[in-house]
Amino acid sequence: MTETLPNLQEDFRMQNKSVFILGASGETGKVLVKEILEQSLFSKVTLIGRRKLTFEEEAYKNVNQEVVDFEKLDDYASAFQGHDVGFCCLGTTRKKAGAEGFVRVDRDYVLKSAELAKAGGCKHFNLLSSQGADKSSNFLYLQIKGEVEAKVEALEFDRYSIFRPGVLLCDRQESRPSEWLIRKFFGSLPESWARPYSVPVVTVVRAMLNNAVRPSDKKMELLDNKAIYALGKAHDTLKP
């Protein structure tokens, strides 16, 4: 059965759900917050991060912000209480944080946040992962992404959605020359050629939100780059 996206969005709004976002200062997180506010899908929006973010636009005036120390998350359990839906876009790189720092952020911080969210009543947890994530991988990045996917699944949320996009096409603020070159390469290709390996950030975000508003009886769902593209580009109808 196919339902219209506007109807699903309106039904979702009527449920007055609350949401938290982890990683709102990152490229995907920033776009996610913007889309959430533009679509007015949630009655309460909370950003959880290590510092307070500054927004000038009027649309952000009612956004709640919880500042936490990720090294002592248990002390901030209250920040994770009372949210129906959670989106986790936390992440760093080995180059920026070193191998140990990368593991701490992308696995330990994410897992601990998920544990507190589950204990705080979160029903639907959404995790931004990566194409190729595999806990058996020889590549640290893909191994850690795969490990945290599995560890969060073991928490048994009512609904758990994993998103595995390819190369994220965006104008990243941080200077990462190699990533910039990769994005330039995929960004210059015809969409049909680039689609299996890359995806615009805004498409990922819209896929995450379109997925959230459609009912599902699956406890765990994994969306690869192809599924993300299809769902993120949907404008009128969605299949449950």
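Report on the accompanying structure. (Residues numbered from 1 in each chain as written. Predicted model: local features only at pLDDT ≥ 70, side-chain atom pairs only at ≥ 80, totals over all residues. Heavy atoms only, no water.)

### Digging into the pairing of strand β6 (residues 124-128)
Across the five residues that make up β6, a large majority, five, are buried. Neither face of β6 is left uncovered, since the one carrying His124, Asn126 and Leu128 and the one carrying Phe125 and Leu127 both have all their residues buried. Examined bridge by bridge, strand β5 (residues 85-88) and β6 share four bridges and lie parallel to one another. Following the sheet pairing, Phe87 is matched in β6 by Asn126. Across five bridges, β6 lies against strand β7 (residues 159-163) in parallel orientation. Pairing of His124 across the sheet is with Arg159, part of β7. (Buried < 20%, exposed > 50% of the residue type's maximum accessible area, 1.4 Å probe, protein only. Helix = DSSP H or I, 4+ residues; strand = E, 2+ residues; numbered from the N terminus. Pairing = 2+ DSSP bridges.)

### Structural notes on helix α1 (residues 5-13)
Looking at α1, one finds that the buried residues are Leu5, Leu8, Gln9 and Phe12. Buried residues in α1, looked at end-on, bunch into an arc of 100°, giving them a common side. (Arc of directions from axis to C-beta.)

### Some details on the layout of surface pockets
In this model, the second largest pocket occupies a volume close to 270 Å³. Take the lining of the second largest pocket: its biggest share by element is three residues, from α1. Of the residues in the lining of the second largest pocket, the class split is six nonpolar, three polar and seven charged. (1 Å grid on protein atoms, 1.4 Å probe; cavity = no way out; pocket = protein on both sides within 12 Å on 5 of 7 lines; lining within 4 Å. Points joined across faces, edges and corners; volume = space filled by probe spheres on them. Nonpolar A, V, L, I, M, F, W, Y, C, P; charged D, E, K, R; others polar.)

### Some words on empty space enclosed by the protein
Inspection of every chain in the model, using the stated rule, returns one cavity of 30 Å³ or more. Together, Leu90, Asp106, Val110, Leu127, Leu128, Ser129, Lys145 and Val148 line the largest cavity. Of all the secondary-structure elements, those providing two or more residues to the lining of the largest cavity are α3 (94-119), β6 and α4 (140-153). Of the residues that constitute the lining of the largest cavity, the class distribution is five nonpolar, one polar and two charged.

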